[in-house]
Amino acid sequence: MKKLLIFTFLLISLYSQSQTYIKGNAVTALVLVPNFGVETSIGRKITFQTDIMASFWESFNGHHPMKFYSLIAEVRYHFQEKYNGFYFGGHAGADRYQLQKWNYWDTNMYEDGFGYKFGATIGYEKILNNRLMLDFFVGGGWHEGYYHGYYNDGTPGRYEKAEHWNISGDWLPYRGGIMISYKLN
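Since this is a predicted model, take the numbers as computed values, not measurements.

## Comments concerning the overall build of the chain
And step 1. Of the regular secondary structure elements, the chain holds two helices and eight strands.
And step 2. Ordering the α and β elements of the chain from the N terminus gives α-β-α-β-β-β-β-β-β-β.
And step 3. Taking all 185 residues of the chain together, the buried fraction comes to 40%.
And step 4. In the structure as shown, the chain presents an accessible area of about 10600 Å², 68% of it carried by carbon and sulfur atoms.

## Here's the deal with the pattern of salt bridges
And step 1. Under the criterion given, the structure shown has 13 salt bridges.
And step 2. With its nearest N and O atoms 3.3 Å apart, the salt bridge here joins arginine 76 to glutamate 125. Of the two residues, arginine 76 is situated in strand E4 (residues 66–78) and glutamate 125 in strand E6 (residues 109–127); the sequence distance between them amounts to 49 residues.
And step 3. The buried category is assigned to arginine 76, whose relative accessible area is 0%.
And step 4. What makes glutamate 125 buried here is its relative accessible area of 0%.
And step 5. Three or more residues are tied together by salt bridges with common partners; here these are Lys23, Glu39, Asp51, Glu74, Arg76, Glu125, Asp135 and Arg175.

## Regarding the packing of aromatic side chains
And step 1. As enumerated under the stated definition, the model contains 12 aromatic pairs in all.
And step 2. An angle of 85 degrees between the planes, with centres 5.5 Å apart, marks the rings of tyrosine 77 and phenylalanine 79 as edge-to-face.
And step 3. An aromatic cluster is present here, built from Phe114, Tyr116, Phe118, Tyr146 and Trp165 joined pairwise through their rings.
And step 4. The ring of tyrosine 174 has lysine 117 sitting right over it, with the charged end atom 4.9 Å from the ring centre.

## Notes on the side chain of asparagine 35
And step 1. Tracing the sequence through the fold places asparagine 35 in strand E2 (residues 35–41).
And step 2. Asparagine 35 gets classed as buried once you look at its relative accessible area, which sits at 5%.
And step 3. A distance of 3.1 Å separates a polar atom in the side chain of asparagine 35 from the backbone oxygen of isoleucine 52.
And step 4. The residues contacting asparagine 35, other than those within four sequence positions of it, are Lys23, Gly24, Asn25, Thr28, Asp51, Ile52, Met53, Phe137 and Met179.

## Structural notes on the environment of glycine 24
And step 1. Counting through the fold element by element, glycine 24 comes out in strand E1 (residues 20–25).
And step 2. Put simply, glycine 24 and serine 181 are 157 residues apart on the chain and 6.6 Å apart in space, counted from C-alpha to C-alpha.
And step 3. Among all residues touching glycine 24, those that are not within four sequence positions of it are Asn35, Phe36, Ile178, Met179 and Ile180.

## Quick look at the pairing of E6
And step 1. Relative to E6, strand E5 (residues 85–99) is paired through 15 bridges, and the arrangement is antiparallel. Along E6, the bridge assignment pairs glycine 89 with threonine 121.
And step 2. In terms of strand pairing, E6 meets strand E7 (residues 132–151) through 19 bridges, oriented antiparallel. By the bridge assignment, methionine 109 is partnered in E7 with tyrosine 151.
And step 3. Taken together, E6 and the strand that follows it, E7, pair antiparallel across an intervening segment of four residues.

Quick notes on the rules
Residues numbered from 1 in each chain as written. Predicted model: local features only at pLDDT ≥ 70, side-chain atom pairs only at ≥ 80, totals over all residues. Heavy atoms only, no water. Helix = DSSP H or I, 4+ residues; strand = E, 2+ residues; numbered from the N terminus. Buried < 20%, exposed > 50% of the residue type's maximum accessible area, 1.4 Å probe, protein only. Areas by Shrake-Rupley, 256 points an atom, 1.4 Å probe, with all protein chains shown as cover. Salt bridge = Lys/Arg side-chain N within 4 Å of Asp/Glu carboxyl O. Phe/Tyr/Trp six-rings, centres within 6.5 Å; stacked < 30°, edge-to-face > 60°. Lys NZ or Arg CZ within 6 Å of the ring centre and 35° of its normal. Polar contact = N/O pair within 3.5 Å; in protein donor to acceptor, adjacent residues only side chain to side chain. Contact = heavy atoms within 4.5 Å. Pairing = 2+ DSSP bridges.

Here it is, written out as structure tokens:
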């Protein structure tokens, strides 16, 4: 019941604002990684966006796993007017993954875990007409991952010997693209 009330409140909040856009990332769609979001007004020059991205790839080449799910919530400050021009955003997010980290690409090891991230986004939004908008953006920040390291060649056991979770933190670029946006109201 509590979850239903929270969901209802969030839904009403989204639709009660004067401008709400639903978005899809054209760049990540080219590599079959869906990335969808919702951006809504919460102030004169401030918007709130939440987006989800997922990769369902078992691997790119049959050897390296590349599955992940990511959820990001972001508050954006627009330097001119909302939805038209440059903006800066601060975000927080969480993810679940089974993938081979960039510095392990030449090995037979991969990571299975979860993490959180805090970072920033810089972008530019361009209104095309009364319903469509483009959102060009890049972002990144600190990602802290908790994982178990495994071999992907059938070798049993874990390659790392952490008692519970191995922990790794990195400064990374982890978001970007061109969101095609449709105005709901």
